[in-house]
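Survey of secondary and tertiary structure
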Amino acid sequence: MVYIRPFNVEQWMDKYETKCTNNIAETCCDSVSLAELISLTSNSTTQSHSETPLILSLSKKRLDYGHIRGSPTLLTNISTLYSTPSNPFPFSQILITPGAIAANFLVFYTLIHPSHHVICIHPTYQQLHSVPASLGASVSLWKLQETETSWNADINELKSLIVPGATKLLVLNNPNNPTGAVLPLEVLMEVKVLAEKYDITVLSDEVYAPIYHSSPDPPPPSFLTLGYKNTIVTGSLSKAYSLAGIRIGWIASNNADIIELLAQARDYNTIAVSQLDDIVAAYALSPTVRRALVKRNIDLCEKNLELLDDFIRKYPKHMNYVKPVSGTTAFVKFLNPRSGKVVDDVRFCEALTRDTGVLFVPGGHCFGVDEGEFKGYVRIGYACSTDTLRFGLMKVGAWIEGGGMDFV
Ligand SMILES: Cc1ncc(COP(=O)(O)O)c(C=O)c1O
């Protein structure tokens, strides 16, 4: 059996998320029900939900395995995410998976060999470096540098990590979980040049795209559209599209041979995804519904981030952060107001949830790799409903003012 490090963020969520009262730890844009999804674009006063085309297709669907690689409608709708009028993305180069977590796993499982060297952006979702390490690869972390105003990726640092001939995969996560930072187009272009020069495949986990909400700069394109053949992009319905419960994700690549290899491995652990999930996902990604859903979620993130920002600025002795520009999470550093030292993030989050019912994610525990790395950091997921965030932050504020943080 392979040794795999415990997946701390998933274990933390499993332990607390159904017990807390204000979940401000979640990374999905406020999840929707089928009724809410339908209401986004249809006039529900004139039509009962049970008669809408979505519900009718769900109830009539014969529950066989369906299309093994994903239905043509779903594949077409995903392909439009990466297409331009002059350059349609071929849907034969997309594979449907049960969420992005399965998509990422399949990529590593299929492509990584113990002799390989993998470079992964850091901090990020632990899966992206722990799985290649569990498969025997040596993994180097391309660490984002925190300044007063941003989390920067230094391309010279990336150059210094490349081992010519051994580095096979570079893993990006854009927008980034947990910092909410973006790798801008200029950096992506430099990455592309290096990947081409050293023949490195790029895996770009883009599950938080297109949640770009708080930067004056234009959003970066998907890495898939930069014209580099050995690119793999993963995405899903969970985060940007508020539908984590349907467990639909995907892998898209500019290299048809990579997709065929992944499909061969996928035969052994997926066969097909749930046919009901496929129908809901295809509906959510149909152009009109997708536009409405993305607008809802970008508006939500923009509004909620301002609430969070006001809260953080109110307590400068207790916390500070680099304001995120995208995605759904903020990486906030908490300080003990008496000593000025960073808190123990696990003790802090445990005390907070015990005393107030508010759930945050301890950042050092869930994102740090080296001893003490990100100690005192906490990931806040601010894309929950505005009420959950507002009332949760009020509770945290009262707790802080009552001295709750003095002993963590
Ligand atoms: C960067 C990243 N990739 C993948 C996933 C898994 O998402 P999904 O629900 O689509 O499996 C997550 C979940 O938090 C994530 O943050």
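Quantities reported herein were computed from a predicted structural model and do not represent experimental measurements.

This brings us to the side chain of asparagine 173. Among the secondary structure elements, asparagine 173 is positioned in strand β7 (residues 167-173). Of note is the side chain of asparagine 173, whose polar atom sits 3.2 Å from the backbone oxygen of proline 175. Among the polar contacts listed, one links the side chain of asparagine 173 to the backbone nitrogen of asparagine 177, at a separation of 3.0 Å. Every residue in contact with asparagine 173, bar those within four places of it in the chain, is listed here: Ile121, Thr124, Leu128, Asp205 and Tyr208.

A few words now on the pairing of β7. Burial within β7 is extensive, with six of its seven residues counted as buried. For strand β3 (residues 117-122) and β7, the ladder comprises four bridges, and the chain directions are parallel. Its bridge partner lying in β7, cysteine 120 is registered against valine 171. Sheet analysis places β7 next to strand β8 (residues 201-205), joined by five bridges and oriented parallel. What sits directly across from valine 171, in β8, is leucine 203. Handedness of the crossover is the feature at issue here: the chain leaves β7, passes through helix α8 (residues 185-198), returns alongside β8, and the resulting connection is right-handed.

Split by domain assignment, the chain resolves into domain 1 (8-27 + 292-401) and domain 2 (61-285). Look at where the C-alpha atoms of domain 1 and domain 2 centre, and you get two points 26 Å apart. For the pair domain 1 and domain 2, the two sides together bury roughly 2600 Å², of which 58% comes from carbon and sulfur. When the area that domain 1 buries against domain 2 is broken down by residue, the three leading residues are Val322, Val325 and Ser326, summing to 22%. Counting the contacts that link domain 1 with domain 2 gives two salt bridges. On the surface where domain 1 and domain 2 come into contact, there are 19 residue pairs in polar contact (both at pLDDT 80 or more). For the side of domain 1 that touches domain 2, the elements supplying multiple residues, two or more each, are α1 (8-16), α11 (287-314), β12 (329-334), α13 (363-367) and β15 (377-381). Top contributing element to the side of domain 1 that touches domain 2 by residue count: α11, with eight residues. Split by residue class, the side of domain 1 that touches domain 2 holds 17 nonpolar, seven polar and six charged.

As a further point, take the packing of helix α4 (residues 72-81) against helix α10 (residues 275-284). The packing of two helices is summarised by the inter-axis angle and the distance between the axes. Closest axis-to-axis distance for the α4/α10 pair is 9 Å, and the angle between their directions is 35°. α10 is crossed by α4, and the crossing has left-handed handedness. Across the interface between the two elements, Thr73, Leu74 and Asn77 of α4 pack against Asp278, Ala281 and Ala282 of α10. The class makeup of the residues in the contact of α4 with α10 is three nonpolar, two polar and one charged.

What counts and how
Residues numbered from 1 in each chain as written. Predicted model: local features only at pLDDT ≥ 70, side-chain atom pairs only at ≥ 80, totals over all residues. Heavy atoms only, no water. Helix = DSSP H or I, 4+ residues; strand = E, 2+ residues; numbered from the N terminus. Polar contact = N/O pair within 3.5 Å; in protein donor to acceptor, adjacent residues only side chain to side chain. Contact = heavy atoms within 4.5 Å. Buried < 20%, exposed > 50% of the residue type's maximum accessible area, 1.4 Å probe, protein only. Pairing = 2+ DSSP bridges. Right-handed = clockwise from strand over helix to strand, strands pointing away. Domains from an automatic or database assignment. Buried area = accessible area lost by both parts, 1.4 Å probe. Salt bridge = Lys/Arg side-chain N within 4 Å of Asp/Glu carboxyl O. Nonpolar A, V, L, I, M, F, W, Y, C, P; charged D, E, K, R; others polar. Axes fitted to C-alpha atoms, helices over the stretch in contact; angles between N-to-C directions. Left-handed = near helix turned anticlockwise from the far one by under 90°.

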